[in-house]
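# A structural walkthrough
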Amino acid sequence: MKRVIILGATSGIGEGLARLYAAQGQTRVGVMGRRSERLDALCREHPDVVVAQPCDVAQKEMVASCLDKLAGRLGGVDVLILSAGTGELNPRLDVETECRTLAVNVEGWTRVTDWAVNYFERQGQGHLAAISSVGGLRGSGAAPAYNASKAFQMNYLEGLRQRLHKTGLPITVTDIRPGFVDTAMAQGEGLFWIVPVDKACRRIHRAIERQKVVYVSRRWRYVALLLRLMPGELWCRM
């Protein structure tokens, strides 16, 4: 059986992916997240294939040990899906809000990705899939830390792909870039092309299986191209 670890499995895309993989019955799923009661519910629904390990990636001293424990209980890891993240609108530019976002989306996130790459290098194969965001393509006056953290993630994943290419090992890194998905993190006015969570999860699952960089929904690829080409002066006026 394939062995998959999903971080951020207690809400939104992470929880949806956990249910999707568990329902297949041919995959052992290790779930991690902050809310123990949501993890317990997943285990009760799929007792034969799901194992859980509570963990908050913002608690940096716990991340590696929690991953080690969960990997041991699964008997190994073939795929790690990193969906843990946070973000808040912060028009007042409260520094504590910004730092909370960075603690999860940058430091905690990096500890997970580095654990995964080191694990897969020792193992000789593996697949890291991380949920970044279309928001990482440009800055945001309403949520500076969130967009900046997603830009960091995109760049870091590219760096990992370069590193792993040089090793010659069959280790894949997939960057999943959603637009607006109907979760608690979709905040603010003027949201459009909002994708239901179950639909987003199905597309992400297919992308992971095909080992591609993907935009959810696909039309965001064209928006991404426009965002890259738009002059910075024009973007700041919007």
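The structure under discussion appears in the preceding block.
Because the structure is predicted, anything quoted here is derived from the model rather than measured.

Moving on, we get to the overall build of the protein. When its secondary structure is counted, the protein shows eight helices and seven strands. For the protein, buried positions account for 48% of its 238 residues. For the protein, long-range pairs separated by at least 24 residues make up 66% of all intrachain contacts whose partners lie at least 6 apart in sequence. For the protein, the accessible area works out to roughly 11,800 Å², and carbon and sulfur atoms hold 52% of it.

Now for the side chain of Thr110. If you trace the backbone, Thr110 turns up in helix α4 (residues 95-123). Residue Thr110 is classed as buried on the basis of its relative accessible area, which comes to 15%. Looking at Thr110, its side chain comes within polar contact range of the main-chain oxygen of Val106, at 2.6 Å. Apart from residues lying up to four places away in sequence, Thr110 is in contact with Phe152 and Tyr156.

Time to look at the packing of α4 against helix α5 (residues 144-167). At their nearest, the axes of α4 and α5 sit 9 Å apart, and the two run at 15° to each other. Looking at the two axes, α4 sits roughly parallel to α5. In the packing of α4 onto α5, the handedness of the crossing is right-handed.

Now for helix α3 (residues 63-74). The first and last C-alpha atoms of α3 sit 17 Å apart over 12 residues, in line with the 16 Å expected at 1.5 Å per residue. For α3, the set of buried residues is Val63, Cys66, Leu67, Leu70, Ala71 and Leu74. The buried residues of α3 occupy one face: seen down the axis, they fall within an arc of 130°. Of the residues in α3, the exposed ones pointing more than 90 degrees away from the buried face are Lys69 and Gly72. Buried residues along α3 sit in contact with β1 (2-7), β2 (27-33), β3 (50-54), β4 (79-82) and α4.

Next up on the list: the pattern of salt bridges. This model, assessed by the stated rule, comprises 11 salt bridges. Measuring nitrogen to oxygen at the nearest pair gives 3.1 Å for the salt bridge that ties Arg3 to Asp78. With Arg3 in strand β1 and Asp78 in the loop between α3 and β4, this pair connects stretches of sequence that are 75 residues apart. A residue is classified by how much of its surface remains accessible, and Asp78, at 16% relative accessible area, is buried. For Glu88, the salt bridge goes to Arg100, with nearest N and O atoms at 3.5 Å. Within this pair, whereas Glu88 is found in the loop between β4 and α4, its partner Arg100 is found in helix α4, the two being separated by 12 residues in sequence.

Cut-offs applied
Residues numbered from 1 in each chain as written. Predicted model: local features only at pLDDT ≥ 70, side-chain atom pairs only at ≥ 80, totals over all residues. Heavy atoms only, no water. Helix = DSSP H or I, 4+ residues; strand = E, 2+ residues; numbered from the N terminus. Buried < 20%, exposed > 50% of the residue type's maximum accessible area, 1.4 Å probe, protein only. Contact = heavy atoms within 4.5 Å. Areas by Shrake-Rupley, 256 points an atom, 1.4 Å probe, with all protein chains shown as cover. Polar contact = N/O pair within 3.5 Å; in protein donor to acceptor, adjacent residues only side chain to side chain. Axes fitted to C-alpha atoms, helices over the stretch in contact; angles between N-to-C directions. Parallel < 35°, antiparallel > 145°, perpendicular 65-115°, else oblique. Left-handed = near helix turned anticlockwise from the far one by under 90°. Expected span 1.5 Å × (residues − 1). Arc of directions from axis to C-beta. Salt bridge = Lys/Arg side-chain N within 4 Å of Asp/Glu carboxyl O.

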